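Given next are the chains, with one letter for each unit.
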Amino acid sequence: MNTIRKALRERTVTLGSWIQIGHPVSGEVLARAGYDWLAVDMEHTDIGYEGFTNIARGIKPLPVLARVEQNDTLAIRRVLDAGASGVIVPLVNTREEAMAAVAAAKYPPKGVRGFAYCRPNNYGVDFDEYVRTANDDIAVVVMIESKEGVANIDAILAVDGVDGVFIGPYDMSGSYGVPGETKHPLVVKACEDVVAACARAKKSAGLHVVVPDEAAIDRAFVQGFTFIALGVDTYFIASAAKTALTNARECASQRS
Ligand code: 3PY
Ligand code: MG
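Thresholds, definitions, all that
In this convention, every chain numbers its residues from 1, walking through the sequence in written order. Here chains are named by letter from A upward and ligands by number from 1 upward, in the order in which they appear as written. Under the rules for a predicted model, residues below a pLDDT of 70 receive no local features and side-chain atom pairs below 80 are neither given nor counted, while totals for whole chains, interfaces and linings still include all residues. Side-chain numbers come from the whole structure's heavy atoms, not from hydrogens or water. Here, a salt bridge means any side-chain nitrogen of Lys or Arg that lies within 4 Å of a carboxyl oxygen of Asp or Glu. Here a helix means four or more residues in a row that DSSP labels H or I, a strand means two or more in a row labelled E, and each is numbered from the N terminus. Accessibility here uses a 1.4 Å probe with only protein chains present; expressed as a share of the type maximum, an area under 20% marks a residue as buried, one over 50% as exposed, and anything in between as partly exposed. Put simply, a patch holds well-exposed residues, over 30% relative accessible area, that have no salt bridge, with like charges counted together within 9 Å and Val, Leu, Ile, Met, Phe, Trp or Tyr side chains within 5 Å. Note that accessible areas follow from Shrake-Rupley with a 1.4 Å probe, and for residues the cover is restricted to the protein chains shown. Donor atoms: N, O and S within 2.8 Å of the metal, or within 3.2 Å for Na, K and Ca. Because water is excluded, sites can look incomplete. What makes a residue near a molecule or strand is one non-hydrogen atom of that residue sitting within 4 Å of it. Identification of polar contacts relies on pairs of N or O atoms within 3.5 Å, with a donor-acceptor requirement for protein atoms, meaning one able to donate a hydrogen and the other able to accept it, and with residues adjacent in sequence counted only if both atoms are side-chain atoms. Ten residue types, Ala, Val, Leu, Ile, Met, Phe, Trp, Tyr, Cys and Pro, are classed as nonpolar, four, Asp, Glu, Lys and Arg, as charged, and the remainder, Gly among them, as polar.

Draft legend 1. Structural detail: the pattern of salt bridges. The full count for this structure, using the stated rule, is 11 salt bridges. Across the salt bridge formed by D154 and R200, the nearest N and O atoms sit 3.0 Å from each other. Taken as a pair, D154 in helix 8 (residues 153–157) and R200 in helix 10 (residues 185–201) lie far apart in primary sequence, 46 residues in all. Judged by its relative accessible area of 44%, D154 is partly exposed. Residue class for R200 comes out exposed when judged on its relative accessible area of 55%. Because the salt bridges share partners, they merge into one network encompassing R5, R9 and D163.

Here it is as structure tokens:
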């Protein structure tokens, strides 16, 4: 079983980060920072399959997950064929949607993933071995980011093949009528309900700590999340660039 699926199933803490820049350099830089895994966001960016494949090449051997653009059989198949260690599937609201995500990620008879010579089976050289192990290796994480998803959380977690869930705090806040207020009591309560359901189902609870300040990271640990994405490559650049400029302006004003 690949390290990321094993960690999800054993509920061990892993720390990842989030890629929205469609160039391999961003993945290389984050991979060398020592994260346990990286996720490439194909839902909210212009990163396509070619971009994903090139980023995955730069990240290797670190596990790379794809946040696919939607819960779609072909979208999931294509990132797995490009070498994703697993998928993070947005906006999963029901048991049936969770079942569809799992089916897309698994070869028959468990699912409907189509067979092909592709990057993860060494373009066919290791086809038999890959087909034998892929269903056990590929991680499936479904995103809970709506009121409906929270209401159906037990049924979603009961789906065989769902290795964990991942909360999208911003969409969650929108769904509860408090857009952007990720610390609003309604959103906090929704997160707590999801974590409690994960504990009951013995599956991993994940969170994207989009702005990873110390307080937010601590809150994620206290709440019981084990699968945690820290920041976004674009946000890291923006915040470090701003800090450098603020420091420089402060130095300049003290000298004038
Ligand atoms: C959200 O906050 O909705 C997200 O999808 C974060 O990744
Ligand atoms: Mg979202």
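And the narrative resumes.
Draft legend 2. Broad picture of a nonpolar patch on the surface. A surface patch of nonpolar side chains, amounting to about 250 Å² of accessible area, comprises Y170, V211 and Y235. Of note, Y235 is situated in helix 12 (residues 233–255). Under the relative-accessibility criterion, Y235 is labelled partly exposed at 33%.

Draft legend 3. Quick look at the coordination of the magnesium ion (ligand 2). Distances from the magnesium ion (ligand 2) to its protein donors, E145 (OE) and D171 (OD), fall within 2.1 to 2.2 Å. In this pair, E145 is assigned in the loop between strand 5 (139–144) and helix 7 (147–151) and D171 in helix 9 (residues 169–175), connecting sequence segments 26 residues apart. Judged by relative accessible area, which is 34%, D171 ranks as partly exposed.

Draft legend 4. Region of interest: the site of ligand 1. Near ligand 1, the surroundings consist of W18, R67, M143, E145, G168, P169, Y170, D171 and H208. At 3.1 Å, a side-chain N or O of E145 approaches an oxygen atom of ligand 1. Between ligand 1 and the protein, one listed contact pairs an oxygen atom with a backbone N or O atom of Y170 at 2.7 Å. A total of 230 Å² of accessible area belongs to ligand 1 in isolation, and the protein chains cover 92% of it. Element by element, the count of residues in the shell around ligand 1 is highest for helix 9, at three residues. For the shell around ligand 1, a count of residues per class yields four nonpolar, two polar and three charged.

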